Amino acid sequence: MANLTNEKTVRIQPKVDGDGNATPGLTRRALLRYGVMGAALAATGGLGALLQGCTLQGQGRAAGVVRALQETFQPDVELLLRARPDRLQLRPAGPPTRVWRYEAELLQGPSDALEALPDTYLGPILRLRRGQRVRVRFQNEIPEETIVHWHGLHVPAVMDGHPRFAFGPGGEFVYEFEVLDRAGTYWFHPHPHRRTGPQVYMGLAGLLLVSDPQEEALGLPSGEFDVPLVLQDRTLDAGNQLVYGHGPGMGGMMGGGGMMGNMQGFLGEEIWVNGRPDFELRVARHPYRLRVLNGSNSRIYKLAWGDGRPLTVIGTDGGLLPAPVSRPYVVLGPGERVELWADFRDDPVGTERELVSLPFEGGMGMMGGGMMGGGPTTLPNGAFFRVLRVVVEREAPPGPMPELPLSLSAPERPSPGEAVNAGAPRRFALGMTPMLGWTINGRLFEMEGVAPDEVVRLGTTELWEFDNAGGPGGGMMGGRMGQMGSMMAMPHPMHVHGLQFAVVGRELVDPAWGAAWESVRQGFVDEGLKDTVLVMPGTRARLALRFEDFEGLFLYHCHNLEHEDMGMMRNYLVRA
Ligand code: C2O
Ligand code: CU
């Protein structure tokens, strides 16, 4: 028990082959069956990585090559991606802030495939093209288990970053997939069970932008006029360290004491953009494409221009809309994206504009922060605040300017008419069960568990309904407390892995939540494709989903990351 150094390469047999089947030999399951310590030590002799996982998190699992690369896969783009601790000067004064961040290296492929962002904990922007074959060698250098999920991408189950593939420090997982998705704004982040919230909060998240020829033909603002805006809320302590949960600094974060007690989800006291507390957008008198990602753990934004002019929306989670739409405001739950057309041509140099979050009701649940265990926060969900300051600081460069196209790119949307269960949607009741916390149909996450009502057929379209109105199976105690149950509701941003769906209906079911619903209802953009749908308390959302190409185990869950970590997540199985 002497060697405590962190060994970088502890190799065991690949656990998963290209088709996602466990290979014979020392598989993950075998390791668990034989006892992690004994088997892993016997296999690797590498105590370092194992102990580091164990001592720091008490959940260490053997590291090594969790999935090896396949020689037969010929990548167009090959990346080395690492999750590792770092320090960043985020405040002008005081010590640097300890963060965890993704860092990448391009091993092969076009040089613009990777854009590193200086001065932020956010990961590099991966710029991929539809049809590209991508290999990512992902290495874990943080002191606990992790795995990467490509949020929004349609990839095989084994490439999707399911928590069952999470692995410890020193290990490597090789992703190999083809980009099948439309041009759009996707993102990647960790997905280990119970630790997604803290890992994202520490800085592990990055954008993945897909382009395709159809999008390029539209001549939308590009280059410096195509700006990603990642919205997150953070709290720093007096020593400039990130505060998570109820405890101070990393102590609270690592201790985990705060997380389970936080029924509300984590809310930071400051709004940061692109990983900076002081971010400002300095623009030219030119049209812009603003790609907004809500990368916050649990905060919901009701985005609007500070001067009251409407927002022009051109895209959502799954890419461009058929045509631009106008909204007085846009409501964005955690995980969701929206693309805006922002034209600063008519603003004289020196003009300042702001993007704000307008007040709304229902963000904290009816019982408020105290009852939901959120504790006091200086910036509750639903409060008014400024999101971003925009300064028009220069003239546009000479040359033609892009015009807002009248039509954009019509996605092929799954429709209710083609659903095999058109008359009887598959229902998922979102609720709270005493002693369990937030549940889906009364259940919590099980690593490989799938209930009979969570199995779908490959090649079919279905209607699903996320019901946040406290009916049977939902609310508190499975609805047995009636009105009380519905009063314990909260908004749940429901995310389905592996596909893009169509939101085909939203309705208020419980009139007790009428005012809350009124305060957000004009802010949803359902004309395009979505992978995350914000289901407000007292309401129901109906989706059409098509299960194509890939069999296997995929997740659906609440993207309030604290809810997810507490188990508001389930598997669904796609079967041929
Ligand atoms: Cu963005 Cu399952 O997550
Ligand atoms: Cu939730």
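So, here's what we can say about the structure. (Residues numbered from 1 in each chain as written. Chains lettered and ligands numbered in written order. Predicted model: local features only at pLDDT ≥ 70, side-chain atom pairs only at ≥ 80, totals over all residues. Heavy atoms only, no water.)

Mapped onto the secondary structure, Val-174 falls in strand 8 (residues 172-178). Taking C-alpha positions, Val-174 is 9.8 Å from Leu-79, a pair spaced 95 residues apart along the chain. With sequence-adjacent residues up to four places away left out, Val-174 is seen in contact with Arg-67, Ala-68, Leu-69, Arg-135, Val-136, Arg-137 and Met-159. (Helix = DSSP H or I, 4+ residues; strand = E, 2+ residues; numbered from the N terminus. Contact = heavy atoms within 4.5 Å.)

Time to look at unusual backbone geometry. Backbone geometry at Arg-194 places phi at a positive 75°, although glycine is not the residue there. Residue position: Arg-194 is located in the loop between strand 9 (184-190) and helix 4 (196-201). Of note in this structure, Asn-274 is not a glycine but carries a positive phi near 55°. Relative to the helices and strands, Asn-274 is located in the loop between strand 12 (270-273) and strand 13 (280-284).

What follows covers the pattern of salt bridges. What the rule picks out here adds up to 50 salt bridges. Between Glu-224 and Arg-394 there is a salt bridge, with its nearest N and O atoms 2.7 Å apart. Of the two residues, Glu-224 sits in the loop between helix 5 (213-216) and strand 11 (226-234) while Arg-394 sits in strand 21 (residues 385-394), which places them 170 residues apart along the sequence. Glu-224 sits in the partly exposed class, given a relative accessible area of 47%. For Asp-531, the salt bridge goes to Arg-337, with nearest N and O atoms at 2.7 Å. (Salt bridge = Lys/Arg side-chain N within 4 Å of Asp/Glu carboxyl O. Buried < 20%, exposed > 50% of the residue type's maximum accessible area, 1.4 Å probe, protein only.)

Attention shifts here to the environment of Thr-235. Relative to the elements of secondary structure, Thr-235 occurs in the loop between strand 11 and helix 6 (249-255). Once the C-alpha coordinates of Thr-235 and Ile-271 are considered, the two residues, 36 residues apart in sequence, prove to be 8.9 Å apart. Setting aside residues no more than four positions away along its own chain, Thr-235 makes contact with Tyr-201, Gln-241, Leu-242, Val-243, Phe-266, Leu-267, Gly-268 and Glu-269.

Ranked by internal contacts, the top residues of the largest apolar core, which has 53 residues, are Trp-150, Tyr-175, Phe-177 and Leu-208. The element that contributes the greatest number of residues to this core is strand 2 (residues 77-88), accounting for five residues. Aside from chain neighbours lying at most four places away, what touches Tyr-175 is Arg-67, Val-134, Arg-135, Val-136, Phe-138, Ile-147, Val-148, Trp-150, Met-159 and Gly-161. In this structure, Val-273, Val-283, Leu-340 and Leu-379 belong to the second largest nonpolar core, which totals 33 residues. (Core = buried A, V, L, I, M, F, W, Y, C linked by side-chain atoms within 4.5 Å.)

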